[in-house]
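A look at the structure
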Amino acid sequence: MPEWPGWEPIIIASAVMVVALVVAVALRLFAKRLTAHAEDTRWTWDDLAARLLYDLALPLAVLGGGWLAANALPLHHGTMVATGRVLTAATVLVVSLALARLVAGIIASVALIRQGTAANVTIFTNISKVLVLGVGVLVMLQSLGVSITPLLGALGVGGLAVALALQDTLANLFAGVHVLASRTMEPGDYIKLSSGQEGYVVDINWRNTSIRTLSDNIEVIPNATFSKTILTNYHRPAQDMSLLFQASCAYDADLDHVEKVVIEVGHEVMAEVEGGVKDAEPLVRFHTFDDSRIHFTVILRTVEFGDQFRIKHEFVKRLHRRFRLEGIEMPPPTRKILLPDSRPQPPSDARPHLTD
């Protein structure tokens, strides 16, 4: 019968665990205050560092205290080895989870810096989380004494079967990565597909792309669709764009005077209405002789796609008011119909009568 080791090792191990818990709680409170302070700054990296400390403080302190407490007890060699492996595996798992969140935060911060406040690309953050957690699980299994070489071989064979079964999902995944890598579109861009869908890109994840229409509805489009359709990006190569406005005037109008008035109204709208490019030069191009009027196109500039509606609204009101003040007419469509001569004609069989 084994000899009782006494209460001293148990008391020491208990004291170590108590100290570890106190240290863990203190570190967690410190990390919480540090996180709150970091959120008040404009620098992003201190937020990530404080969040990492907050995630690791409590579990690592407890796991470290457990290891010291286990060493304080007179445990059997096999038990110590098993305890060490379990604690090591738990530590690897905790660190992997924290690093996955850190890497995802770094990627999100870089996307925010590059694309502005509209950036919300979850495809890269999700891929980074899966990669970091996958490596962490392999290291954890290795620390538990599980050989990962056969596992990697099984994953290779199983991965081929999964790839065949998930062709559509993988097609969407790689299409999304290609779209982002080629910078065909990014969150915040206004796009239009040849199939009719259009709106602002909200998010690109591993399977689909979400766009917000002008009516504030969300449309979800599979990523593979973008490789099979014609896409128009109204934010490429630049966000500002030309706005073509069609108008007309009467035939007897002075075209030079009409052009001058339209350009003045265009300058006024560009300078005073939100969304107009202030240094843009409005252009007028006469192009068509219609049945009752002359058509022309006015070319304005807007800061981005969504501003065109406000610009059109103000331009129509101000141009209509200015035309009335200047006496410039915009006649409605008219057509002159010429009827044949309706005078009575002699009958075709009328013949002169002979008299004696």
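See the structure above.
Summarised in this report is the structure supplied together with it.

1. Digging into the sheet that holds strand β7 (residues 283-289)
Strand order in the open sheet made by the three strands is β6-β8-β7, with antiparallel pairing throughout. If you trace the sheet from one side to the other, it starts and ends with β6 (241-249) and β7, each paired once. Strand-to-strand twist of the sheet, defined as the mean angle between neighbouring strand axes without regard to direction, takes the value 25 degrees. Here β6 runs beside strand β8 (residues 294-302); their pairing, made up of nine bridges, is antiparallel. Paired with A247 across the bridge in β8 is F296. Contacting β6, β7 and β8, helix α7 (residues 255-272) runs over the sheet at an angle of about 20 degrees to β8. Helix-sheet contacts for helix α8 (residues 308-326) involve β6 and β8, and the interaxial angle to β6 is about 30 degrees.

2. Some points on the pairing of strand β1 (residues 190-193)
Here β1 runs beside strand β2 (residues 198-204); their pairing, made up of three bridges, is antiparallel. Across the sheet, residue Y190 finds its bridge partner in β2, namely Y200. In sequence, β1 turns back onto β2 through a hairpin of four residues, with G196 there showing a positive phi of about 115 degrees. Here three bridges tie β1 to strand β5 (residues 231-233), and the two strands are oriented antiparallel to one another. Within β5, the residue paired with L193 across the bridge is L231.

3. Quick word on α7
The end-to-end C-alpha distance of α7, which contains 18 residues, comes to 26 Å, matching closely the 26 Å that a straight helix rising 1.5 Å per residue would cover. Among the residues of α7, V258, V261, V262, V265, G266, V269 and M270 are the ones counted as buried. Each buried residue of α7 sits inside an arc of 170 degrees when the element is viewed along its axis, so together they form one side. More than 90 degrees from the buried face of α7, the exposed residues found are D256, K260 and E272. At its buried positions, α7 is contacted by β6, β7, β8 and α8. The opening residue of α7, the one whose side-chain oxygen lies 3.2 Å from the backbone nitrogen of D256, is D254.

4. Observations concerning the packing of aromatic side chains
Summed over the entire model, instances satisfying the criterion amount to eight aromatic pairs. A centroid spacing of 6.3 Å and a plane angle of 80 degrees characterise the contact between F305 and F309, whose relative ring orientation is edge-to-face. Members of the aromatic cluster, connected to one another through ring pairs, are Y190, Y200, Y234, F305 and F309.

5. Details of a nonpolar patch on the surface
On the surface, V19, V23 and L27 cluster together into a nonpolar patch covering about 220 Å² of accessible area. Relative to the elements of secondary structure, L27 occurs in helix α1 (residues 7-39). For L27, a relative accessible area of 34% puts it in the partly exposed group.

6. Looking at the sheet that holds strand β3 (residues 208-212)
One open sheet holds the five strands; their spatial order is β4-β3-β2-β1-β5, and the pairing between them is antiparallel. Bordering the open sheet on either side are β4 (218-222) and β5, each of which pairs with just one other strand. For this sheet, the mean angle separating the axes of adjacent strands, direction not counted, is 40 degrees.

Cut-offs applied
Residues numbered from 1 in each chain as written. Predicted model: local features only at pLDDT ≥ 70, side-chain atom pairs only at ≥ 80, totals over all residues. Heavy atoms only, no water. Pairing = 2+ DSSP bridges. Helix = DSSP H or I, 4+ residues; strand = E, 2+ residues; numbered from the N terminus. Axes fitted to C-alpha atoms, helices over the stretch in contact; angles between N-to-C directions. Contact = heavy atoms within 4.5 Å. Expected span 1.5 Å × (residues − 1). Buried < 20%, exposed > 50% of the residue type's maximum accessible area, 1.4 Å probe, protein only. Arc of directions from axis to C-beta. Polar contact = N/O pair within 3.5 Å; in protein donor to acceptor, adjacent residues only side chain to side chain. Phe/Tyr/Trp six-rings, centres within 6.5 Å; stacked < 30°, edge-to-face > 60°. Patch = residues over 30% accessible without salt bridge, like charges linked within 9 Å, V, L, I, M, F, W, Y side chains within 5 Å. Areas by Shrake-Rupley, 256 points an atom, 1.4 Å probe, with all protein chains shown as cover. Salt bridge = Lys/Arg side-chain N within 4 Å of Asp/Glu carboxyl O.

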